[in-house]
Amino acid sequence: MSSAHADSNLDALRERLLAVRHRVESAAAAAERDARDITTIVVTKFHPASLVRDLESLGVHDIGENRHQEAQAKHRELADLDLRWHFIGQLQSKKARQVRAYASAIHSIDRPALVDALRSEEASVDAFVQVNLTDDPGRGGVAAADLGALVEHVLATPGLRLRGLMAVAPLEEPARPAFARVRELSESVVRPLAPAATDLSMGMSHDLEDAVAEGATHLRIGTAITGNRPVAG
Ligand SMILES: *Cc1c(COP(=O)(O)O)cnc(C)c1O
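Predicted model only: the values in this text are computed from it and were never measured.

Notes on the overall build of the protein
Looking only at helices and strands, the protein has nine helices and eight strands in total. Taking the principal axes of its C-alpha atoms as reference, the protein extends roughly 55 × 40 × 30 Å. Burial statistics for the protein: of 233 residues in total, 48% are counted as buried. Within the protein, residue pairs in contact and separated by at least 24 positions form 56% of the contacts whose partners lie at least 6 positions apart. For the protein, the accessible area works out to roughly 11200 Å², and carbon and sulfur atoms hold 49% of it. Between the centroid of the 27 positive side chains of the protein and the centroid of its 33 negative side chains there is a distance of 4 Å.

Section: the pairing of strand β4 (residues 103-109)
The element β4 is extensively covered by neighbouring structure, given that six of its seven residues are classed as buried. For strand β3 (residues 84-87) and β4, the ladder comprises three bridges, and the chain directions are parallel. When the sheet's bridge partners are listed, Phe87 is paired in β4 with Ile106. This β-α-β element, β3 to helix α4 (residues 96-102) to β4, shows right-handed connectivity. Sheet topology note: the β4/strand β5 (residues 125-130) ladder contains three bridges and is parallel. Within the sheet, the bridge partner assigned to Ile109 lies in β5 and is Val129. Where the polypeptide runs from β4 across helix α5 (residues 112-117) and back to β5, its parallel neighbour, the crossover connection is right-handed.

Let's talk about the site of the ligand
Lining the immediate surroundings of the ligand are Val43, Lys45, Ile88, Met166, Met204, Ser205, Arg220, Ile221, Gly222, Thr223 and Arg229. Here an oxygen atom of the ligand sits 2.9 Å away from a polar atom, N or O, in the main chain of Thr223. Summarising the interface, the protein chains cover 89% of the accessible area of the ligand, which totals 390 Å² for the free molecule. For the shell around the ligand, the class distribution of residues is five nonpolar, three polar and three charged.

A word on the packing of helix α6 (residues 147-155) against helix α7 (residues 175-193)
Taken N-terminus to C-terminus, the directions of α6 and α7 make an angle of 35°; their axes are 10 Å apart at the nearest point. Between α6 and α7 lies a crossing of right-handed hand. Here α6 contributes Leu147, Gly148, Val151, Glu152 and Leu155 to the contact with α7, which in turn contributes Leu185, Val189, Val190 and Leu193. A class-by-class count of the residues in the contact of α6 with α7 yields seven nonpolar, one polar and one charged.

What about α7?
With 19 residues, α7 ought to run about 27 Å at 1.5 Å a step, and its terminal C-alpha atoms sit 27 Å apart, in line with that. Ser186 marks the point of greatest bend in α7, at about 35°. Among the residues of α7, Ala175, Ala178, Phe179, Ala180, Val182, Leu185, Ser186 and Val190 are the ones counted as buried. Where the residues of α7 are buried, they touch α6, β6 (160-166), β7 (199-201) and α8 (208-213).

As for the nonpolar core
As a rule of thumb, soluble globular proteins bury nonpolar side chains together. Judged by nonpolar contacts, the single largest core of 64 residues is most densely connected at Ile106, Ile109, Val129, Leu165 and Leu219. When sequence neighbours within four positions are dropped, the list of residues in contact with Val129 reads Ile109, Val142, Leu147, Leu150, Val151, Val154, Leu162, Gly164, Leu165 and Met166.

Quick word on the environment of Asp54
With respect to the secondary-structure elements, Asp54 resides in helix α2 (residues 49-57). C-alpha of Asp54 to C-alpha of Arg76: the two residues are 22 residues apart in sequence and 16 Å apart in space. If sequence neighbours within four positions are ignored, Asp54 has contacts with Leu10 and Leu13.

Some points on the pairing of strand β8 (residues 218-221)
Burial of the side chains of β8 extends over both faces: His218 and Arg220 are buried on one face and Leu219 and Ile221 on the other. Two elements, strand β1 (residues 39-43) and β8, share four bridges in a ladder whose sense is parallel. Within β8, the residue paired with Thr40 across the bridge is Leu219.

Each value, and the rule that gives it
Residues numbered from 1 in each chain as written. Predicted model: local features only at pLDDT ≥ 70, side-chain atom pairs only at ≥ 80, totals over all residues. Heavy atoms only, no water. Helix = DSSP H or I, 4+ residues; strand = E, 2+ residues; numbered from the N terminus. Buried < 20%, exposed > 50% of the residue type's maximum accessible area, 1.4 Å probe, protein only. Contact = heavy atoms within 4.5 Å. Areas by Shrake-Rupley, 256 points an atom, 1.4 Å probe, with all protein chains shown as cover. Lys, Arg positive; Asp, Glu negative; His and termini not counted. Charge placed at Lys NZ, Arg CZ, Asp CG, Glu CD. Pairing = 2+ DSSP bridges. Right-handed = clockwise from strand over helix to strand, strands pointing away. Near = heavy atom within 4 Å. Polar contact = N/O pair within 3.5 Å; in protein donor to acceptor, adjacent residues only side chain to side chain. Nonpolar A, V, L, I, M, F, W, Y, C, P; charged D, E, K, R; others polar. Axes fitted to C-alpha atoms, helices over the stretch in contact; angles between N-to-C directions. Left-handed = near helix turned anticlockwise from the far one by under 90°. Expected span 1.5 Å × (residues − 1). Bend = angle between axes of the 7 residues up to and from the residue. Core = buried A, V, L, I, M, F, W, Y, C linked by side-chain atoms within 4.5 Å.

Now the structure itself:
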């Protein structure tokens, strides 16, 4: 790749990053919120470590990945950078300890067995409990009816610092009311058990405005910043 090509890639990346920052700022202003209370995690799944390096050079420090092996490899390759790795994908219990080793935050806590597997008497990792907003148990996330028990389980487990809830808006319905349900669950179920665990990890490339309007504190943005993902190979 010529350096001119590399520069134009970096320029395009910077443009997309700025465009998303502007979207977040506009959405925050519309909701009378402070954009500084909103962390944008850039989701780099399927992209090479070099893209993460470029993002870091543009001031990005929060990186999201959804597959353990890929995340672990990038973490190793980029150990010289100041990055926080957010694990956002479905997580097998047998991989839990390995993910803990490099992740600053795990957004996809969805069942008691995974909580037990993440137990540690050593360092704490930030924990988000994922809520399933559909009726399909295959989508990932705990059913709303089981949320309180899972939150209590997290709170009783050493090594997990509960930050709040995470959700993915269902494709079948508008995002805004779905995100409103997450906010309501946070207020009615999480707040009485853990008053400080008010964070909400929700909002992706196409629905970040709806998420900010409903109180998102952590956006997980992929394609709007990275461009289209390479096809999985
Ligand atoms: C891929 C992914 C994202 C980012 O999606 P985009 O539509 O590319 O912004 C966010 N959250 C999760 C859980 C993901 O798997």
